[in-house]
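Geometric and topological summary
Listed below, chain by chain, are the residues.
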Amino acid sequence: RKRDAALGGNGASLNSVQLHVSDLGGDSEHSPADRGSRIAPELFHSAGVWGDVNNDGLLDFFLATRNACSYSELYEQLTPGSFSSATAEYGLWRLADSRDAILLDFNLDGRLDLATRHKGLFRLYVNEGPTNNNFSQIVLEGKACNKRAIGATVELHCGDKSFLRSLSSGRGLLVQGPSVLHFGLGDADEIDSVSVLWPNQNVEVFHSVPVNSLISLTEGSSPRGVERAATTLRLHAFPNPLKEESRLEFWLPDASDVSIGVYTLRNKLVTRLLDDYREAGWHSLRWRAVHDYTGAKLAPGIYLLVLRSAAGEAAVRVMVGE
């Protein structure tokens, strides 16, 4: 649960892609994945999308390319942090100039399909891989919050396993996926509970959720209703990507000393936005995407905003445009 990953490049051109893993609360946040991850270097990849294509409970990812002479790759996660190319196995060999992609269950068979482009033309690739593993697909409907529940986080519990997904409204270049959260469950055949952190920071827990189904969860509809206010850190940045200025909002469950820093994907501190005491509750500040020491605008690319307080740590990726 505490591990997250980001696909990023170096500098303004994003001309090389790296996989970065963060272990929030650990000793080496936002460090590049080790060389044993088996991810091949590629100069012209442009964007990535995560999804559990084989429903084994581990997130895989598809890397698009921005060049007609280089090819996209699909990497399966074999064990946590270890990946292997499955491009040919899924029939995606020599897929060029795809730019970006989304993973979605187009035919509602429980397997994520791929929507992308090939040499300027739209392509939909149907996943015909093995179906031995279980899955869950969840659609949220907000009542007190926004109708599509954009900004919600869902945590699904199966025995000693837990799976976390967040619902966002933006998704890359010229693509937009459906607001369906997909969970691969592996061999888990029963869901103990589904916890929803709604955008208004209330939490609701649902039980008796079936596996291998597409279900809709409506805010306020669980038998016990909304149980408690959020007790975890929350950090948002918008608009994202940003060009001139970004507005940051963060939630503190308790009064605490707070720091917010901007880091490169190599864990180098670029600028410190806040280092002060704040009361519990929502707070906001504005950031103009400049270096606080030199005043120069940050180079275009992907950065990490990291919030630290007595309650722990939260991070969010932001893209700085030209």
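Keep in mind the model is a prediction, meaning the values are calculated, not measured. (Residues numbered from 1 in each chain as written. Predicted model: local features only at pLDDT ≥ 70, side-chain atom pairs only at ≥ 80, totals over all residues. Heavy atoms only, no water.)

**Section: the pairing of strand 9 (residues 113–118)**
Counted only if it meets this: Working definition: with a 1.4 Å probe on protein chains only, accessible area under 20% of the residue-type maximum means buried, over 50% means exposed, and in between means partly exposed. Under the scheme used here, helices are H or I runs from DSSP no shorter than 4 residues and strands are E runs no shorter than 2 residues, and both carry numbers assigned from the N terminus. For two strands to be treated as a pair, DSSP must find no fewer than two bridges joining them.
Across the six residues that make up strand 9, a large majority, five, are buried. Note: strand 8 (residues 102–104) against strand 9, three bridges, orientation antiparallel. In the strand pairing of strand 9, Leu-103 is matched with Leu-114. Two strands pair when backbone bridges link them, and strand 9 and strand 10 (residues 121–125) are joined in this way by five bridges, in the antiparallel orientation. Bridging from a neighbouring strand, His-118 pairs with Leu-121 of strand 10. A loop of two residues connects strand 9 with strand 10, the two strands running antiparallel in sequence, and Lys-119 in this loop sits at a positive phi of about 55°.

**Digging into unusual backbone geometry**
Look at Ala-149: it is not a glycine, yet its phi comes out positive at around 60°. On the accessibility criterion, Ala-149 (0% relative accessible area) is buried. Even without being glycine, Asn-212 reaches a positive phi, approximately 55°. Checked against the element boundaries, Asn-212 lands in the loop between strand 16 (202–206) and strand 17 (214–218).

**A few points about the side chain of Asp-52**
Worth spelling out the cut-off: Residues scored as positive are Lys and Arg, those scored as negative are Asp and Glu, and His as well as the terminal groups of each chain are ignored. Whenever a carboxyl oxygen of Asp or Glu lies within 4 Å of a side-chain nitrogen of Lys or Arg, that contact is scored as a salt bridge. Polar contact is defined as a pair of N or O atoms within 3.5 Å, subject to the rule that within protein one atom must be able to donate a hydrogen and the other to accept it, and that residues adjacent in sequence are counted only when both atoms are side-chain atoms. Contact criterion: two residues are considered in contact whenever any of their non-hydrogen atoms come within 4.5 Å of each other.
With respect to the secondary-structure elements, Asp-52 resides in the loop between strand 4 (45–51) and strand 5 (60–65). No salt bridge is formed by the buried Asp-52; the nearest opposite charge belongs to Arg-165, separated by 5.2 Å. Of note is the side chain of Asp-52, whose polar atom sits 2.9 Å from the backbone nitrogen of Asn-55. One polar contact links the side chain of Asp-52 to the main-chain amide nitrogen of Leu-58, over a distance of 3.5 Å. Here Asp-52 is in contact with Gly-57, Leu-58, Leu-59, Asp-60, Leu-112, His-182 and Gly-184, once residues within four sequence places are set aside.

**Remarks on the confidence of the model for the protein**
The condition is simple: Confidence scores here are pLDDT values: one per residue, from the predictor, ranging 0 to 100.
Residues with a pLDDT of 70 or more make up 82% of the protein, whose mean pLDDT is 80. Note that pLDDT drops below 50 for residues 8–16; the model gives that stretch 22 contacts with residues more than four away or on any other chain. Contacts from residues 22–36, a stretch scored under 50 in pLDDT, to residues over four places away or in other chains number 34 contacts.

**As for the sheet that holds strand 6 (residues 73–79)**
What counts, and what does not: For helices, the fitted line uses only the C-alpha atoms of the stretch in contact; every axis is such a line through C-alpha atoms, and the angle between N-to-C directions lies from 0 to 180 degrees.
Taken together, four strands build an open sheet; the order of strands is 4-5-6-7 and the sheet is antiparallel. Each edge of the sheet is formed by a strand with only one pairing partner; in this case those strands are strand 4 and strand 7 (82–85). Neighbouring strand axes in the sheet, compared pairwise and without regard to direction, differ in orientation by 25° on average. The sheet contact formed by strand 6 and strand 7 spans four bridges and is antiparallel. Of the residues in strand 7, the one forming a bridge with Tyr-75 is Ser-85.

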